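These are the residues of each chain, in order.
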Amino acid sequence: MEGPSSTRWRIAAGPGLFRLALGSWTGVVLAFLYLPVLVLVAYSFNASRLAVVWEGFTFGWYREVWGHTPLLQAARNSLVIAVVTTVVAVVLGTAGAWLLHRYRFRGAGAIETLVAIPMVMPEILMGISLLVLFATAGMPLGFTTVIVGHVTFSFPFVLVAVRARLRGLDPALEEAALDLGATPLQAFWLVIVPCLRPAIVAGALMAFTLSWDELIVTFFTANAASATLPLRVFGMAKVGLNPMLNALSAIFIVATVAFVAFSAYLKRLAR
Amino acid sequence: MNTPTLSRCLLGAVLALSAPAAVRAAGVLNLFGWSEYVPQTVIDAFTKETGIKVNFETYSSNEELISKLVAGGGRYDLVQPSDYAAEVMIRQKLLAPLDATKLGHRKNLLPEFQKRPHDPEDKYTVPYMSGTVGIVVNTEKVKTAVKSYREVFQPAFKNRIVVLNDNREIVTWALYTLGLPINKIPKENLAKVRPIIAEWVKLVKVFDSDSPKTALLNGDVDLGVVWSGEAAILWNQHKKFQYTIPAEGAHQYIDVLAIPTGAKNQAEAHQFINFILRPEVSKMISAAFPYTNPNGAARKLLTAAELANPASYPKGGKIETFRDIGKTAADIDRLVTDLKSAK
Amino acid sequence: MSGVESAGGARRAPGWRAWALLAPLLAWLLLFIVIPTGILFVYSFCERDELGRVVYTFTGESYARVFDPIYLRIFGWSVGYAALTTAICIVVGFPVAYQIGRARDPWRHRLLLLMMVPFWTSFLIRTYAWITILKQEGLLNAVWQALVPGHGPLDLLYTPTAVMIGLVYAYLPFMILPIYGSVEKLDPALIEAAHDLGAGQLRVFSAVIIPLTLPGIAAGTLLVFVPSIAMFAITDLMGGARVPLIGNVIQNQFMQARDWPFGAALGMVFMALFAVVYWVLGRWREREEAAG
């Protein structure tokens, strides 16, 4: 929505000083968020094996990461798990938020409380109880069990974010769509979901981040084939975090940024 | 998100998910061990020689190992508990007896690591690596001699000390200073060490069991009571970090290899254990991780520098292993938690 | 606060189709939340034998121990840290969320992604990077001592300050993202109108912007406060594990202390407390919405 409304935003946002302050504050916060990232990238070039002492510049760790199959495999697993988790969590969370918002279900309070429980449940409790469940059900550990665990603790975040946006949504929108002859499903998919997009994006980002870095629940629900990056990384602290891990993180950051830049470029080409 | 990439990711995920569960093929070994304790080079060498594929899962504490085994049942063929954890597992009948005929290289082990209290007949376990818990000092910052727990926990060192984040260890050190037994801990003894630990907790800057060397390397602390492995790495980094066994007594741990009951690939597991016991393989492990090697034949192959490391091969001192203490573990946890959270 | 907020009365009674659509969510809740919680519930009434195994006898002993002053004190600390983290995140995060929400299209998504990318590095590596920055011979002290010579190094690492830095750092995105979701739909016309009516910047903020983004702030508060109570990894790594929090204690019961029933009991009380408060707040909000 560019053009007139963005002009109105500029007016609406008030005097230039306010906008300047806002912009600067965002810059400060982003700098705060990136400070450790810069440090960790710097140390990926550190010749010393022990990442806390600086001993000279080298590309060696990047070379080593490239050949380290278990680590790359773990990174691949983490990525696959995080993506699938995000998709399932978004579907479950968005649908759940919409249904709970639109309909007066009996026991809605209980349902919503249950949804919030994984947010408060300590990870060790979730991990062990899920493992006992899977073991009793005779289900072998692997990608499926890990993803189940990850979705369980991340979909509430999606649901809460989408619900918050629904709270401010004009009910007239859906009514108008229905009046114009849409089925409830069409109204949902074609009218409501686009309005919810920012909240869905927010929820998806949260779910992905939660899944990517999770350790304890994953420990109890994974097997060797589905080992994730945090599982491999955590034990490495014992002999000193290998700068290989810094290199891997740096590679991932560059890859993400490049991916985004590339897709933005493609979008611009398509226009 | 770019749709083609997303669908490719999903496809990959679906394929991964629909892959059949691990089949009990001959030529597979499911190893569950400490992270960073079995070098990848050793695993690769084993696979190259025998053709057995190794599925390596990791944990970072004995209790994680026990929890996962107890909650999920054994799908592992080989595990790596510490001595007291092995003792618990033997008594809970979680470990299978070993076939001594398949472990010909066992004779390479030094006698002081055999027939230990956790497994008096060496029926279930084979020592892997060993170590102690002792005092490490940054001799550039600390000029006085520090040879006992009492000398570590002095007001002069307030806020400059790192210790393990292990409640049982802390209680053990306090018990040692009073000359009390460390493996039979009645409630009166806990009450006796309480004031000592209360004082100690106030002097400690960092509690860290995963990487206490970090604080020492960073210069945020000057001395501490840590694993010998950590101290060995420190010493390799800079000789200013000196390690000593405390005069009152120290905890020695022996990490072992064992086979869980119901393991499906016991033959492969035995092969792996025997492989590890070879001196040249054991030497590879020592080269990667400077712990105390219980393999006498391997020690002969070590370099002078490795043998000179005071943390890897400390001289003398009164050392004991942990035994399982049952419900006292809960009392210890409560005691130290209480003292730590008091302001 | 009518008009923009959806009125509670517009919600319909669910037909069988709505229940059918809700079924997957209900099934998930049942299988992976209710049943595991049930398992823990059973454990909490069990006993621990000498070897650390769970013995299925019925006893309330674990629950009695939960209400020991030690654990109540620890619980208080945990809530305190979580509350402070949440408050700081709101203050720090709201302007950022507002900025991102009102930014023009390509920048909006770029800023979002830019904000999240640091969190796609590994948690442990990030935290060790913070340790490198905050340690006595670290970056921050290097800058500090250059700016203020003669002053000793700041003792930041392994103190509650470092823990707060770590907590705010870890949870900031979970405050910014929900607020962004709420801010993004803010109609500039309303703000314009308020300005036209003569309201100053501050008045516009407090009387228009905040109330309209309140759902987002409430969501962010929930998503930061609740998980951070059980958080312990940051206190361990950046606080030197000096102050045990409820997350540590529960973790310990399954680890060093090998007392699963007690750990389960602590967890059940902790979760029950939360569930009650959450449910009550939910009912209160329902009544508010129906009245408003």
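Residues numbered from 1 in each chain as written. Chains lettered and ligands numbered in written order. Predicted model: local features only at pLDDT ≥ 70, side-chain atom pairs only at ≥ 80, totals over all residues.

What follows deals with the overall build of chain B. Across its full length, chain B carries 14 helices and 11 strands. The C-alpha atoms of chain B give a radius of gyration of 22 Å, which matches the 20 Å a tight globule of 343 residues would have. Dimensions of chain B, computed from C-alpha atoms along their principal axes, come out at roughly 60 × 60 × 40 Å. Looking at chain B as a whole, 52% of its 343 residues qualify as buried. Sequence-distant contacts, at least 24 apart, represent 77% of the contacts inside chain B between residues at least 6 apart. (Helix = DSSP H or I, 4+ residues; strand = E, 2+ residues; numbered from the N terminus. Rg over C-alpha atoms; globule rule 2.2 N^0.38 Å. Buried ≥ 20, exposed ≤ 12 C-beta atoms within 10 Å, placed from the backbone. Contact = placed C-beta atoms within 7 Å.)

Here the focus is the overall build of chain A. Within chain A, the regular secondary structure consists of 12 helices and zero strands. Dimensions of chain A, computed from C-alpha atoms along their principal axes, come out at roughly 70 × 60 × 35 Å. Classification of the 271 residues of chain A by burial places 54% in the buried group. At a minimum sequence separation of 6, the contacts of chain A that also span at least 24 residues come to 77%.

The next point concerns the interface of chain C and chain B. Listed as interface residues are 28 residues of chain C and, on the opposing side, 27 residues of chain B. Counted by class, the side of chain C that touches chain B contains 14 nonpolar, five polar and nine charged residues. (Nonpolar A, V, L, I, M, F, W, Y, C, P; charged D, E, K, R; others polar.)

So, on to the environment of Val 34 of chain C. As for its position among the elements, Val 34 of chain C is in helix H1 (residues 16–44). A tally of 14 C-beta atoms within 10 Å means that Val 34 of chain C is categorised as partly exposed. If sequence neighbours within four positions are ignored, Val 34 of chain C has contacts with Leu 114 of chain A together with Leu 29 of chain C.

Here we come to the environment of His 238 of chain B. Residues and elements named next belong to chain B. Within the secondary structure, His 238 sits in the loop between helix H9 (228–237) and strand E9 (241–244). Take His 238: there are 13 C-beta atoms within 10 Å of it, and that puts it in the partly exposed class. Along the primary structure His 238 and Asn 138 are separated by 100 residues, whereas in three dimensions their C-alpha atoms are 9.5 Å apart.

Residue and element names in this part refer to chain B. Among the five residues of strand E8 (residues 223–227), five are classified as buried, and the element is accordingly described as predominantly covered. Here strand E6 (residues 161–163) runs beside E8; their pairing, made up of three bridges, is parallel. Its bridge partner lying in E8, Val 162 is registered against Gly 224. (Pairing = 2+ DSSP bridges.)

This part takes up the packing of helix H5 (residues 108–120) of chain A against helix H12 (residues 260–291) of chain C. Axis separation between H5 of chain A and H12 of chain C bottoms out at 9 Å; the angle between their running directions is 135°. As the angle between them shows, H5 of chain A and H12 of chain C are arranged oblique. The interaxial crossing formed by H5 of chain A with H12 of chain C has right-handed handedness. Here Gly 109, Glu 112, Thr 113, Ala 116, Ile 117 and Val 120 of chain A of H5 of chain A come into contact with H12 of chain C, specifically with Met 271, Phe 274, Ala 275, Tyr 278, Trp 279, Gly 282 and Arg 283 of chain C. In terms of residue class, the contact of H5 of chain A with H12 of chain C is made up of eight nonpolar, three polar and two charged. (Axes fitted to C-alpha atoms, helices over the stretch in contact; angles between N-to-C directions. Parallel < 35°, antiparallel > 145°, perpendicular 65-115°, else oblique. Left-handed = near helix turned anticlockwise from the far one by under 90°.)

Attention shifts here to the packing of helix H7 (residues 187–203) of chain B against helix H14 (residues 328–341) of chain B. When two helices pack together, their arrangement is given by the angle between their axes and by how far apart the axes lie. Residues and elements named next belong to chain B. Running from amino to carboxyl end, H7 crosses H14 at an angle of 35°, the nearest separation of the two axes being 9 Å. Taken as a pair, H7 and H14 cross one another with a handedness that is right-handed. The segment H7 lies against H14, with Leu 190, Arg 194, Ile 197, Ala 198 and Val 201 engaging Asp 331, Leu 335, Val 336, Leu 339 and Lys 340. Partitioned by chemical class, the residues of the contact of H7 with H14 number seven nonpolar, no polar and three charged.

Another aspect to go through is the domain arrangement of chain B. Residues and elements named next belong to chain B. For chain B, the assigned domains are domain 1 (24–129 + 255–308) and domain 2 (131–252 + 316–341). Its C-alpha centre places domain 1 at a distance of 27 Å from the equivalent point of domain 2. Taken residue by residue, the interface counts 12 residues in domain 1 and 10 residues in domain 2. Per-element accounting of the side of domain 1 that touches domain 2 gives the leading share, four residues, to helix H4 (residues 83–91). (Domains from an automatic or database assignment.)

Glancing now at helix H3 (residues 69–102) of chain C. Since the α-helix packs 3.6 residues into each turn, any two residues three or four apart lie on the same face. A rise of 1.5 Å per residue sets the reference length of H3 of chain C, with its 34 residues, at 50 Å; its end C-alpha atoms lie 48 Å apart and thus fit the reference within 8%. For H3 of chain C, the principal kink sits at Gly 93 of chain C and spans about 40°; a proline, Pro 95 of chain C, occurs within the next four residues. (Expected span 1.5 Å × (residues − 1). Bend = angle between axes of the 7 residues up to and from the residue.)

Moving on to unusual backbone geometry. Residue and element names in this part refer to chain B. Positive phi outside glycine occurs at Asp 122, with the angle close to 55°. You can see Asp 122 is positioned in the loop between strand E4 (95–96) and strand E5 (125–138). Judged by the 18 C-beta atoms lying within 10 Å of it, Asp 122 falls in the partly exposed class.

Our focus in this paragraph is the confidence of the model for chain B. All names here are of chain B. Averaged over every residue, the pLDDT of chain B is 89; the share at 70 or more is 92%. Contacts of residues 12–25 to residues separated by more than four positions or lying in other chains number 11 contacts, the stretch itself having pLDDT below 50. Among the scores for the predicted complex, ipTM is 0.88 and pTM is 0.88. (pLDDT = per-residue confidence, 0-100.)

The next subject is the interface of chain C and chain A. Contacts between the two partners involve 90 residues from chain C and, on the opposite side, 90 residues from chain A. Ranked by residues supplied to the side of chain C that touches chain A, first place goes to H1 of chain C with 15 residues. Classifying every residue of the side of chain C that touches chain A by side-chain character gives 64 nonpolar, 15 polar and 11 charged.

Now for the nonpolar core. The biggest cluster of nonpolar side chains holds 277 residues, and the ones touching the most others in it are Ala 161 of chain A together with Leu 78 and Val 136 of chain B. Summarising the domain contributions, this core has at least three residues from each of domain 1 (24–129 + 255–308) and domain 2 (131–252 + 316–341) of chain B. (Core = buried A, V, L, I, M, F, W, Y, C linked by C-beta atoms within 7 Å.)

Residue and element names in this part refer to chain A. Along the chain, the position of Leu 38 falls in helix H2 (residues 16–43). Look at Leu 38 and you get partly exposed, because 14 C-beta atoms sit within 10 Å. For the pair Leu 38 and Phe 143, spaced 105 residues apart in the sequence, the C-alpha separation amounts to 33 Å.

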